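Descriptive analysis of the structure
If you want the building blocks of each chain, they are given just below.
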Amino acid sequence: MSTASIDLNADLGEGFGRWHLTDDEQLLSVVTSANVACGFHAGDAVTMRRVCDLAAERGVRIGAQVSYRDLAGFGRRAMDVPPEELAAEVAYQIGALEVFARAAGTRVSYVKPHGALYNRVVHDEGQARAVVEGVLLVGASLPLLGLPGSRLLETADEAGLPVVTEAFADRAYTEEGTLVPRGSEGAVVTDADAVVERSLGMARSGVVTSRGGREIAVRARSLCLHGDTPGAVGLARRVRARLESAGVRVEAFA
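Residues numbered from 1 in each chain as written. Predicted model: local features only at pLDDT ≥ 70, side-chain atom pairs only at ≥ 80, totals over all residues. Heavy atoms only, no water.

With that out of the way, let us pick up the side chain of His 226. Summarising the element assignment, His 226 is placed in the loop between β9 (222-224) and α8 (232-245). What His 226 contacts, discounting residues up to four positions off in sequence, is Asp 11, Phe 168, Asp 170, Arg 171, Arg 182 and Ala 232. (Helix = DSSP H or I, 4+ residues; strand = E, 2+ residues; numbered from the N terminus. Contact = heavy atoms within 4.5 Å.)

Here you go:
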């Protein structure tokens with residue numbers, strides 16, 4: 001597969017009160033889409049407003065990064081939430097972010113689940129349907145960003161919502177094309193040179209090498225750059241520079 005353009009997204013606003021995890025201002029000078037924490041796994045009202053203001057100033061698209069209600073576990077702990085409750089909480093998070101996006105003169109352009117919810121809706125149809133219902137509750141045809149072949153994207157497509165596939169340059173993949181769980185050895189790719197070259201391979205050829213050494217298709221329209229790792233800003237800049245030098249256009253999907 002030849003990809004002429006790619007979106008770069010990053011998880012931003014992942015702080016709470018006086019605690020800050022991501023360098024939002026610097027990352028917003030690199031990425032084209034910002035997945036903004038909506039208060040359930042991280043983020044608060046002041047942080048959400050600040051990130052929306054900064055994103056709007058730079059022309060970066062704003063996405064609602066919805067999560068299970070799990071501040072203590074950063075949204076990465078497995079939870080069993082009734083579908084009706086999850087749908088309402090997804091809508092609640094999108095609505096909260098929309099207030100600040102509109103105040104900044106823009107809008108929420110897409111939705112992306114976070115952490116445990118992201119991984120759960122790859123296979124769990126009930127939870128995937130609840131996320132889609134939450135988006136539909138908002139009353140806008142917001143695109144859903146997720147893993148290729150996931151139940152989330154299949155369910156969203158069936159409901160008439162736009163879907164956008166994404167890949168992760170710094171995460172190891174299984175033979176089936178899913179992400180290696182974070183608790184497993186080698187789940188995160190820490191070699192910066194490898195991350196940069198994986199990014200180019202994903203953007204130009206739509207492939208990545210799995211942990212077992214097999215080449216698998218990822219068919220990504222957006223590439224996620226994690227902002228909560230050491231040296232995240234410098235790495236993000238290297239990735240963008242490498243893509244552009246290779247003739248890949250870096251532009252938002254929404």
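A separate point is the pattern of salt bridges. Within this structure, the stated rule accounts for 17 salt bridges. Between Arg 102 and Glu 98 there is a salt bridge, and its shortest N-O distance comes to 2.7 Å. Taken together, the positions of Arg 102 and Glu 98, both in helix α3 (residues 83-103) and four residues apart, correspond to about one turn of that helix. By relative accessible area, Glu 98 is classed as buried at 18%. A salt bridge links Arg 238 to Asp 193; the shortest N-O distance between them is 2.7 Å. Here Arg 238 is found in helix α8, whereas its partner Asp 193 is found in helix α7 (residues 192-205), with 45 residues between them in sequence. In this structure Arg 238 comes out as partly exposed when scored by relative accessible area, which is 38%. (Salt bridge = Lys/Arg side-chain N within 4 Å of Asp/Glu carboxyl O. Buried < 20%, exposed > 50% of the residue type's maximum accessible area, 1.4 Å probe, protein only.)

To continue, consider the packing of aromatic side chains. Under the defined criterion, the tally for this structure stands at three aromatic pairs. Seen in terms of ring centroids, Phe 40 and Tyr 92 are 5.9 Å apart; in terms of plane orientation they differ by 45°. Their pairing is tilted. In this pair, Phe 40 sits in the loop between β2 (33-37) and α2 (45-58) while Tyr 92 sits in helix α3, placing the two residues 52 residues apart along the sequence. (Phe/Tyr/Trp six-rings, centres within 6.5 Å; stacked < 30°, edge-to-face > 60°.)

Functional significance is not addressed by these values, which are geometric in nature.
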